[in-house]
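Observations on chain architecture
Given next are the chains, with one letter for each unit.
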Amino acid sequence: GLTGNYFNSKDLSGSPKLTRVEVIDFDWQKNAPHSSINADNFSVRWTGTVTIPANGKYRFRTISDDGVRLYVNGSQRINRWNDHSPTTDTSSSLSFNAGQRVSLTLEYYERGGGAVMQLQWQKPGSSSYMAIPIGSLNPN
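Residues numbered from 1 in each chain as written. Predicted model: local features only at pLDDT ≥ 70, side-chain atom pairs only at ≥ 80, totals over all residues. Heavy atoms only, no water.

A few words now on the packing of aromatic side chains. If you walk through the whole model with that rule in mind, you get nine aromatic pairs. Ring geometry for Tyr6 and Trp46: centres 6.1 Å apart, planes at 80°, overall edge-to-face. Of this pair, Tyr6 sits in strand 1 (residues 2-7) while Trp46 sits in strand 4 (residues 42-51), and the two are 40 residues apart along the sequence. Side by side, Tyr6 and Trp46 carry an identical accessibility label, which is buried. Here Phe26 and Trp46 contribute two aromatic rings whose centre-to-centre distance is 6.3 Å and whose plane-to-plane angle is 15°, an arrangement assigned as stacked. (Phe/Tyr/Trp six-rings, centres within 6.5 Å; stacked < 30°, edge-to-face > 60°. Helix = DSSP H or I, 4+ residues; strand = E, 2+ residues; numbered from the N terminus. Buried < 20%, exposed > 50% of the residue type's maximum accessible area, 1.4 Å probe, protein only.)

In structure tokens, the structure reads:
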């Protein structure tokens with residue numbers, strides 16, 4: 001999984017209140033992600049790498065409610081840093097080689113109401129998106 005640092009602020013400020021390694025595939029609804037984290041007005045920064053299984057073009061996709069930013073190898077690929085209902089955002093196609101480790105940073109905030117954050121990819125030759133499997137994700 002990726003290393004997730006959870007903050008009791010909407011803007012990733014202060015000291016993390018929780019750190020854990022996980023796959024990003026969450027629908028917390030109106031609940032808090034953990035007893036040490038607020039149900040509303042919290043944020044998370046996940047960092048690590050993804051190991052690419054095969055040569056080809058990949059797309060990354062997020063489903064979020066509220067703000068989301070995705071950086072792949074240091075370049076911002078998704079930026080919807082605003083309050084919104086569940087929304088799907090997709091990166092452009094990115095070419096990678098098998099065995100390559102690609103850095104990922106995913107930032108998310110929840111303002112109020114429902115909370116959803118999912119990170120998916122579309123692998124070469126596939127027409128569908130799926131959660132990135134835990135075996136392909138490497139924490140920092």
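Next comes the rest of the write-up.
In terms of residue burial, strand 11 (residues 115-122) counts as a mostly covered element, since eight of its eight residues are buried. The alternating pattern of strand 11 places Ala115, Met117, Leu119 and Trp121 and Val116, Gln118, Gln120 and Gln122 on opposite faces, both of which are buried. Pairing analysis gives four bridges linking strand 3 (residues 25-29) to strand 11, with the strands arranged antiparallel. Residue pairing for strand 11: Phe26 is matched across the bridge by Met117. Where strand 11 lies against strand 12 (residues 130-131), two bridges are found, and the strand directions are antiparallel. Within strand 12, the position partnered with Gln120 by the bridge is Ala131. (Pairing = 2+ DSSP bridges.)

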